[in-house]
2 protein chains.
Amino acid sequence: MLNIKLAFAQTNPVVGDFANNAKVICELMSQAHSQGVELLVFGELALCGYPMGDYSYRADLVKECDAQLSQIVQHSRNLRGLTAVIGHIALAEESKPDSQVSAAIAHNSASVISEGSVLGRYDKMRLPNYDVFDDWRNFVPGNSELFFELNGLKIAVAICEDIWGAKPRGNTLRTAGVDLVVVPNGSPFSTAKNEQRLEAARTFADGMYLAYANLCGGQDELVFDGQSFLVSPGGDLLFRGGFDTGLSLAEAGSVSDLSADELLWNALVTGLRDYMHKTGQSKAILGLSGGIDSALCAALAVEAVGAANVLGVGLPSRFSSDHSLSDAADLARTLGIDYRVVPIDPAHKALETMISLPGVAGENVQARIRAVVLMGISNAEGHLLLTTGNKSELAVGYSTIYGDSAGGFAPIKDLFKTDVWRMARYCNQRAGVELIPEASISKAPSAELRPGQLDQDSLPDYEMLDKILRLLIEEGQTISQIIQLGYDQAVVHDIDRMVQRAEWKRSQGAIGTKVSKVAFGRGRRVPLTTRFEKR
Amino acid sequence: MLNIKLAFAQTNPVVGDFANNAKVICELMSQAHSQGVELLVFGELALCGYPMGDYSYRADLVKECDAQLSQIVQHSRNLRGLTAVIGHIALAEESKPDSQVSAAIAHNSASVISEGSVLGRYDKMRLPNYDVFDDWRNFVPGNSELFFELNGLKIAVAICEDIWGAKPRGNTLRTAGVDLVVVPNGSPFSTAKNEQRLEAARTFADGMYLAYANLCGGQDELVFDGQSFLVSPGGDLLFRGGFDTGLSLAEAGSVSDLSADELLWNALVTGLRDYMHKTGQSKAILGLSGGIDSALCAALAVEAVGAANVLGVGLPSRFSSDHSLSDAADLARTLGIDYRVVPIDPAHKALETMISLPGVAGENVQARIRAVVLMGISNAEGHLLLTTGNKSELAVGYSTIYGDSAGGFAPIKDLFKTDVWRMARYCNQRAGVELIPEASISKAPSAELRPGQLDQDSLPDYEMLDKILRLLIEEGQTISQIIQLGYDQAVVHDIDRMVQRAEWKRSQGAIGTKVSKVAFGRGRRVPLTTRFEKR
């Protein structure tokens, strides 16, 4: 085992809230010191919050970060024997390299701080520029190694992307005789990410120890899932922390191993909870249709902010079935949340006297009246409106803009319908009771905007739809590749066209927690105006 | 004058519509050939459309582009004496440089094509990664010069960003004896851009001719404004084309010099027209409040798609003044557009029986009923709903989400209120008649959501508000810098807080034409969740 008492500090910074972020950092340093920790590693930009977006351009923000870092250095004076590695931004001293062609002024850095001194600063070299990451846009790359010694061990620093697919750099460090690489990360959750991180760490550090520290919490659409870890020079996973904030001692043999479903559940709860907490919103409202999407969102909201802070509203129309209302009421009862029923027919009738509403226009108007009611209650009473659409619906545009898509946060926007069903069952299994009525899980999905309507009248079977969507959107497969896998040509082309046609709606959609490789949001940037017929 | 018969081809490609983009390119090549043109320069990615976003990752798209480029080369066989420089993407042959850390697979290129052959391909070296530009994310940078000869002149190629602030590269070309640099561009319109382009060209080309070719047309939120130009080795502007598509011979002395207002007007019209045309939408609908914002949007829509394709709807509430309705009706009459009146009180009353709507909740509900009506008509009859908010309102959040912010396109979202007034007067002056009623221009702005309400009850005077917003958003000034200019401290802090608080609303806003240095849209990427108190 590593000849250093190592700990990870998993913090949940708010972007720009330097004073509070610094306060948490200082508290954890004190706590670590009192436990005899020698080396304490924080996540990427722990002092600033990550990602900061174009806030990284602001000179006043960089200055504020400097000031708070000085406070932390002051605080470390009395913490004898503790060395901390803390992520922050730093004004780039050299002029911006001509080749960068960005407006960036600052590095994405980590400082090594001990007993009142800064032992050195490392600036992130590899700036990711794919998916949700805009580091190349927002930061100036660094160009030199930082080494420091502790208990006779030679230690280097790398930041997040630095260790991904960067074999030559690992060689450089090995050649320099490095024993341990400490790596602050802002690594967002996605399914299967743990294995990928471990693989990246093993490949990079082969022959060295590697201490991988992650942030933990939600920031807009991202959720950082903690799970900081330590691997041995031989690639063994010696320690992995949990999906929670605070200090964890990297003790050999303690390897947190949460199931895929539990990680996903935690990510969904954390994303919603932190969006609400960090934006100062304590209460949530959502329409309960009796269907599975709103049921799962309600259950997530209850875990995120407590049953007392969640208001469910049943909004029956003339086309709503009895079981919808009773399933919604059952759900509200088992979850213990406030529940109101506001039939929408008065407004529906009024609108029918005002304008002609044939076909889909008439269906959409019901969804929009519901949004007017929910936003009205939200405005009057101060709730955050949750929009309950799933990824399958969003992908093909099976939603009403300014209707069911209305809301400030979309808790399950990155879950395909088949994942929604799985997570609903997991929710009940986890609770040990039928929180979400089995009827809501097992009945055929329907928007209930006309008599007898079923999703499957307009859409392919969800099992198949989700498989095709996953290949198209998350795996970047071409139409012809997907057809070669045996899917029907006409169906694949149809789905692809629906995805393109819904681009404009998604561009106006609420943010929501990213849990997959490619979510609809900042990580997927495509034109609204396009005519590419994929083949 | 240059010893080559030079022409610019200003095309308006649709992203991904390779076959049609190629058809236009071939037609312009034939036309140029018939006029004896020797060198024809197209804009950046003229074959693909620009910007392509993450579509640049798609192997099937790159392949389709290759195929269409081959067709163009074939077409050039019979065009004796013509050399064309055409922008397109090309699969990067070398593996992606490790330092790039992106998912890009293709170059942003331009090929020199003559008489059935490709004389060479140049790959863009400087990939911009600021504002709306994601080139570093989407493309692999090139690393070598391309020279070719024509009429004894040595010619080099650069693409757009290559010439901005890249003095050393200009030196390299001069030292190599280059006489002329041809530069395909995808340079979006913004106010004062002409002067900046000319300055960049002069600085880069000092001692060489430089032929700057631009695209011309709208693509999502960007408008390319043509105005391709030729500068002499001494920096003289020899030629500048107009803000229109097609072929223009670079004849010395022909310098298009549109006024700032005319350029801005054209940009607004083009942005709206091309969004509609390219997405296959021929008819527009908008609410007419009798105010200046909707009046200007209606006038722009009439110029973009014709009066016969625009439907104005008056949506009076119990708080609407008589002059609002009569101003709206006057406007519809002078513009010659269809006009309907749908009083919203039936739905308003119905909703009052359904939920309690105190204060602002009651104000918002009126705006949202209007959206339900407008979207209902849009869905039933097939119009694109225009949302008429201006930049001042969007900045401070003075709008109702899912209410007046609802719509597929926001024609004036990047115009401050004071610019809206100026453009309204320009519109009338240009038309030579009072298209927009003087009453709409000169009356005090009001949302009319409660009796006697005026914008200035909630907001600072627009003259001051717009100045402060321009400094904050477009000039990147800090709070303290703005206060030092003499603005009231409390007012500046208030405005800054309003801007931050409205971030989530803007994130769900419609796209609209960018005409300023920093627009709300893809070029401004900030967190929704933040607590930075700027100082």
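Residues numbered from 1 in each chain as written. Chains lettered and ligands numbered in written order. Predicted model: local features only at pLDDT ≥ 70, side-chain atom pairs only at ≥ 80, totals over all residues. Heavy atoms only, no water.

**Quick look at the nonpolar core**
For the record, the criterion: Only buried residues count toward a nonpolar core. Its members are Ala, Val, Leu, Ile, Met, Phe, Trp, Tyr and Cys residues joined through side-chain atoms within 4.5 Å. Each residue is placed in one exposure class: buried if its accessible area under a 1.4 Å probe, protein chains only, is under 20% of its type's maximum, exposed if it is over 50%, and partly exposed if it falls in between. Residue contacts are defined here by distance: any two heavy atoms, one from each residue, within 4.5 Å place the two residues in contact.
Core analysis: the largest hydrophobic core is formed by 90 residues, its most contacted members being Leu40(A) and Leu40(B). Among residues more than four places away in sequence, those in contact with Leu40(B) are Ala7(B), Phe8(B), Ala9(B), Leu28(B), Met29(B), Ala32(B), Leu82(B), Thr83(B), Ala84(B), Val85(B) and Leu247(B).

**Examining unusual backbone geometry**
We apply this condition: Under the DSSP-based scheme used, a helix requires at least four consecutive residues in state H or I and a strand at least two consecutive residues in state E, with every element numbered from the N terminus.
Residue Pro51(A) is bonded to the preceding Tyr50(A) through a cis peptide linkage, with omega at -5°. Even without glycine at this site, Gln227(A) takes up a positive phi of about 60°. Mapped onto the secondary structure, Gln227(A) falls in the loop between strand 11 (222-225) and strand 12 (229-231). The backbone of Asp131(B) shows a phi angle near 50°, a positive value even though the residue is not glycine. Structurally, the position occupied by Asp131(B) is in the loop between strand 5 (117-123) and helix 3 (135-138).

**A few points about the relation of the copies chain B and chain A**
Defined as follows: Superposition of the copies used a least-squares fit over C-alpha atoms from residues whose pLDDT is at least 70 in both.
Relative to chain A, chain B is turned by 180° and slid 0.0 Å along the rotation axis, the superposed coordinates differing by an RMSD of 0.0 Å. The operation mapping one copy onto its partner corresponds to a two-fold rotation axis. Minimal C-alpha distance to the rotation axis in chain B is attained by Gln508(B), lying at 2.0 Å.

**Quick look at the confidence of the model for chain A**
Heads up, the rule is: A score from 0 to 100, pLDDT tells how confident the predictor is in each residue.
Confidence in the prediction of chain A, expressed as mean pLDDT, is 95, and 99% of residues score 70 or more. This complex was scored by the predictor with a pTM of 0.96 and an ipTM of 0.96.

**Points about the interface of chain B and chain A**
Threshold: Defined here as a combined quantity, buried area equals the accessible surface (1.4 Å probe) lost by two parts on assembly, summed across both. We count a salt bridge whenever a side-chain nitrogen from Lys or Arg sits within 4 Å of a carboxyl oxygen from Asp or Glu. The definition of a polar contact used here is a pair of N or O atoms within 3.5 Å, where within protein one atom must be able to donate a hydrogen and the other to accept one, and adjacent residues in sequence count solely through side-chain atom pairs.
At the junction of the two partners, chain B supplies 92 residues and chain A supplies 92 residues. Where chain B abuts chain A, roughly 7500 Å² becomes buried across the two surfaces, and 58% of that area is made up of carbon and sulfur atoms. At the junction of chain B and chain A, the tally comes to four salt bridges. Taking the shortest distance from any N to any O, the salt bridge between Asp17(B) and Arg531(A) comes out at 3.1 Å. Our enumeration of links across chain B and chain A arrives at 36 residue pairs in polar contact (both at pLDDT 80 or more).

**Quick look at the sheet that holds strand 8 (residues 180-185) of chain A**
All names here are of chain A. This is how the line gets drawn: Pairing between two strands is assigned when DSSP locates at least 2 bridges connecting them. Only the stretch in contact is used when a helix axis is fitted, and all axes are lines through C-alpha atoms; the angle between N-to-C directions ranges over 0 to 180 degrees.
Taken together, the six strands give an open sheet; going across it, the order is 6-7-8-9-12-13, and neighbouring strands pair in mixed fashion. The open sheet has two free edges, formed respectively by strand 6 (147-150) and strand 13 (237-240), since each of these has just one partner strand. Neighbour-to-neighbour, the strand axes of this sheet turn through a mean angle of 20°, independent of strand direction. As defined by bridge partners, strand 6 adjoins strand 7 (residues 153-157) across four bridges and the pair is classed as antiparallel. When the sheet's bridge partners are listed, Glu149 is paired in strand 7 with Lys154.

**Side note on the packing of aromatic side chains**
Residues and elements named next belong to chain B. Heads up, the rule is: When two rings of Phe, Tyr or Trp (its six-membered ring) have centres within 6.5 Å they constitute a pair, described as stacked for plane angles under 30 degrees, edge-to-face for angles over 60, and tilted for the intermediate range. Should the NZ of a Lys or the CZ of an Arg lie within 6 Å of a ring centre and within 35 degrees of the ring normal, that charge is described as sitting over the ring.
For the coordinates displayed, the defined rule picks out 17 aromatic pairs over all chains. In this arrangement the basic side chain of Lys154 is found over the ring face of Phe147, its NZ or CZ atom lying 4.5 Å from the centre. Between Lys417 and the ring centre of Trp421, over which it is positioned, the NZ or CZ distance is 5.9 Å.

**Some remarks on empty space enclosed by the protein**
Quick note on the threshold: In this analysis a 1.4 Å probe is tested at points of a 1 Å grid over the protein atoms alone, and where it fits but cannot get out there is a cavity; an open set with protein on both sides within 12 Å along at least five of seven lines is a pocket; lining residues have an atom within 4 Å of a point. Grid points are joined across faces, edges and corners, and a volume is the space filled by probe spheres set on the points. For this classification, the nonpolar set comprises Ala, Val, Leu, Ile, Met, Phe, Trp, Tyr, Cys and Pro, the charged set comprises Asp, Glu, Lys and Arg, and every other residue, Gly included, is treated as polar.
By the definition in use, this model includes 10 cavities of 30 Å³ or more. Here the largest cavity defines a volume of roughly 1200 Å³. Looking at the largest cavity, it is lined by 46 residues, and the ones nearest its centre are Ser507(A), Gly521(A), Arg522(A), Gly521(B) and Arg522(B). Those elements giving two or more residues to the lining of the largest cavity turn out to be helix 18 (503-507) of chain A together with helix 3 and helix 18 (503-507) of chain B. In the lining of the largest cavity, the residues fall into 18 nonpolar, 10 polar and 18 charged.

**Some points on the sheet that holds strand 1 (residues 6-10) of chain B**
Residues and elements named next belong to chain B. With mixed pairing, six strands are arranged side by side in an open sheet as 5-4-3-2-1-14. Bordering the open sheet on either side are strand 5 and strand 14 (246-249), each of which pairs with just one other strand. On average, adjacent strands in this sheet sit at an angle of 30° to one another, irrespective of strand direction. Pairing of strand 1 with strand 14 involves four bridges; the strand directions are antiparallel. Across the sheet, the residue bridging to Phe8 is Ser248, located in strand 14. Sheet contacts for helix 1 (residues 18-34): strand 1, strand 2 (39-42), strand 3 (83-91) and strand 14; angle to strand 2, the most-contacted strand, approximately 155°.

**Overview of helix 12 (residues 417-431) of chain A**
Because an α-helix completes one turn every 3.6 residues, residues spaced three or four positions apart along the sequence face the same direction. All names here are of chain A. Formally: The span expected for a helix works out to 1.5 Å for each residue beyond the first.
Spanning 15 residues, helix 12 covers 21 Å between terminal C-alpha atoms, matching the ideal 21 Å at 1.5 Å per step. For helix 12, the set of buried residues is Lys417, Thr418, Asp419, Val420, Trp421, Met423, Ala424, Tyr426, Cys427 and Asn428. Here the buried face of helix 12 lies against helix 6 (260-278), helix 7 (292-305), helix 11 (391-396), helix 13 (438-442) and helix 15 (462-474). Of the residues flanking the end of helix 12, it is Gly432, one or two places downstream, whose phi is positive at about 75°.

**Thoughts on the pairing of strand 11 (residues 222-225) of chain B**
All names here are of chain B. Burial of strand 11 is two-sided: the residues Leu222 and Phe224 facing one way and the residues Val223 and Asp225 facing the other way are all buried. As defined by bridge partners, strand 10 (residues 216-219) adjoins strand 11 across four bridges and the pair is classed as antiparallel. Bridge assignment links Gly217 to a residue of strand 11, and that residue is Phe224.

**Topic: the pattern of salt bridges**
Counting across every chain of the model gives 74 salt bridges over all chains. In this structure, Arg497(A) and Asp494(A) form a salt bridge, with 3.3 Å as the shortest nitrogen-oxygen distance. On the criterion of helical spacing, the pair formed by Arg497(A) and Asp494(A) is a turn pair, its members being three residues apart in helix 17 (residues 489-501). Relative accessible area serves as the criterion here: at 32%, Arg497(A) is assigned to the partly exposed category. Here Asp414(B) makes a salt bridge to Lys391(B), at a shortest N to O gap of 2.7 Å. Here Lys391(B) lies in helix 11 (residues 391-396) and Asp414(B) lies in the loop between helix 11 and helix 12 (417-431), a separation of 23 residues in the sequence. One exposure class covers both Asp414(B) and Lys391(B), and it is buried.

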